[in-house]
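Residue-level listing of the chains:
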Amino acid sequence: MKKVGDCYYVHRSNIAELLKAAPGYAGVFRDITSYADSEGIPFEVIKYDSMKGTLSLIDSPDFNSAPEPVVGDSYVFDIDGWDGNPPRRIIPMKKNPQIYHMKETFVDPDYSGFDVEKARQRSKATEDIRHKYSNRIGYQSFWEERLREANIPLRNKKNGVHLTPSEIKRYNNVDQQYPSDATSINSRTPPRIYNIGWVVDRYIAGKQVIDLAAGVPRYFNQTVGMMYANVTPRDPFNYPKDINDMALTGVYDTAILSNVLNVIKERENIIDLLNLAKKIADATLITVYEAKKPGPTGRGRYQRGQRLKDYLPLCYEVFGPENVRVFGNVIVCEGY
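Remember, it's a predicted structure, so these values are computed and weren't measured experimentally.

> Explain the overall build of the protein chain residue by residue, including any values.
Scanning the protein chain for helices and strands turns up 12 helices and 14 strands. In terms of C-alpha radius of gyration, the protein chain reaches 22 Å, essentially the compact-globule figure of 20 Å for 336 residues. Seen along its three principal axes, the alpha-carbon backbone of the protein chain occupies a region of about 65 × 45 × 35 Å. Look at the contacts in the protein chain between residues 6 or more apart in sequence, and 62% of them connect residues 24 or more apart. When the accessible surface of the protein chain is split by element, carbon and sulfur atoms take 49% of a total near 16400 Å². In the protein chain, the 45 positive side-chain charges and the 42 negative ones have mean positions that sit 6 Å from each other.

In structure tokens form, the structure reads like this:
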């Protein structure tokens, strides 16, 4: 449990520690959290403010997958006299999110959602920054600027962080006007990215790789699967739910988005897919098929009709311009 002033913070899995710290409120704490679950209120963090007499249930959608997870929407309940009422106040997540530090203190040492020891090492590595800027590091933008100055990675995906179950569910529940199963090209030839020498040498061979839009399973198995046993397929429009969910429980060296951005009509869905890659992989590689004519193409298909360079602004938005480069026909995003 983490204590800051009059406030106590725990992950929802560690509520027992909070109940020991405030035994007089154990019953009402259990009742409020049970009420939240029954009402579908999302929360990962529980905050008890002993001065104000409030219990806040706080969503933190990247709690497992980010070293310093964001403070999401907060549902504030008055403790005294609570009799099943909805939260007195809902505080939405800020546009420039606040963040939690030392998340390992929120959980039990045996917590399995992320590598607790790696989280401790992260906190140790950032200790000087936290002490030097203790009054300003509560916001993500300022914190990430300080990390870049210190040459410390913003995220350490290979250090054992994972998506939460709610994140996996959201990322694999994709709503598109033109679903990608109708736009996947059925071919016995692997996408060209798997045959580019420098890509294979640096980003695929000996790496943990996920293809986030793998296409039709039997063609993937006959091509990419035969070449690289280390590439995990995922495609919400072609693979069953259990395989897609299992794929997103991992963390990867490389995420591949091959010829998929160009068949997604909705800008927000492209941003969502790029954010998914950013969360679960240390590097993201992007190729597109540069068709000339945009719009519906018949048989439920869609083509944006954009060139590779046209996707750079979206990559800059998600990964940061300093982390995006173009090599030939491949956009490479890494160092984020």
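> Any details on the sheet that holds strand β14 (residues 330-334)? Residues and values, ideally.
An order of β8-β7-β9-β10-β14-β13 is seen for the six strands of this open sheet, with the pairing classed as mixed. In the strand order of this sheet, the two ends are held by β8 (231-233) and β13 (324-327), each with one partner. Geometrically, the sheet is characterised by an average inter-axis angle of 25 degrees between neighbouring strands, direction not taken into account. Across four bridges, the pairing between strand β10 (residues 281-287) and β14 is antiparallel. Bridge assignment links Ile 286 to a residue of β14, and that residue is Ile 331. Those strands touched by helix α11 (residues 267-280) are β7 (209-211), β9 (252-258) and β10, and its axis lies near 145 degrees from that of β10. Across the sheet, helix α12 (residues 312-319) touches β10, β13 and β14, and the angle it forms with β13 is around 145 degrees.

> Describe the nonpolar core, and please don't skip the residues or the numbers.
Counting residues in hydrophobic clusters, the biggest one holds 35 residues, and the most contacted among them are Leu 212, Leu 248, Leu 261, Leu 274 and Ile 331. Every element with two or more residues in this core is listed here: α6 (165-172), β9, α11, β10, α12 and β14. Sort the elements by how many residues they give to this core and α11 lands first, with seven residues. Ignoring any residue separated from it by four or fewer positions in sequence, one finds Leu 212 in contact with Arg 234, Asp 235, Pro 236, Leu 248, Ala 255, Ile 256, Leu 257, Leu 273, Leu 276, Ala 277 and Ile 280. The next biggest cluster of nonpolar side chains, apart from the first, holds 21 residues, and it includes Leu 18, Phe 29, Leu 55 and Leu 57.

> Hey, could you go over the environment of Glu 317 for me, with residue numbers and the actual values?
Along the chain, Glu 317 turns up in helix α12. Along the backbone, Glu 317 and Pro 69 are 248 residues apart, and their C-alpha atoms lie at a distance of 19 Å. Those residues within four positions of Glu 317 in sequence are excluded, and the remaining contacts are Arg 267 and Ile 271. Reaching out from Glu 317, the side chain makes a polar contact with the side chain of Arg 267 at a distance of 2.5 Å.

> Please set out the environment of Phe 237 residue by residue, giving values where relevant.
Mapped onto the elements, Phe 237 comes out in the loop between β8 and α10 (241-247). Sequence-wise, Phe 237 and Ala 214 are 23 residues apart; in three dimensions their C-alpha atoms are separated by 9.5 Å. Phe 237 has contacts with Val 174, Gln 176, Pro 179, Ser 180 and Asp 181, leaving out every residue within four places of it along the chain.

Conventions adopted
- Residues numbered from 1 in each chain as written.
- Predicted model: local features only at pLDDT ≥ 70, side-chain atom pairs only at ≥ 80, totals over all residues.
- Heavy atoms only, no water.
- Helix = DSSP H or I, 4+ residues; strand = E, 2+ residues; numbered from the N terminus.
- Rg over C-alpha atoms; globule rule 2.2 N^0.38 Å.
- Contact = heavy atoms within 4.5 Å.
- Areas by Shrake-Rupley, 256 points an atom, 1.4 Å probe, with all protein chains shown as cover.
- Lys, Arg positive; Asp, Glu negative; His and termini not counted.
- Charge placed at Lys NZ, Arg CZ, Asp CG, Glu CD.
- Pairing = 2+ DSSP bridges.
- Axes fitted to C-alpha atoms, helices over the stretch in contact; angles between N-to-C directions.
- Core = buried A, V, L, I, M, F, W, Y, C linked by side-chain atoms within 4.5 Å.
- Buried < 20%, exposed > 50% of the residue type's maximum accessible area, 1.4 Å probe, protein only.
- Polar contact = N/O pair within 3.5 Å; in protein donor to acceptor, adjacent residues only side chain to side chain.

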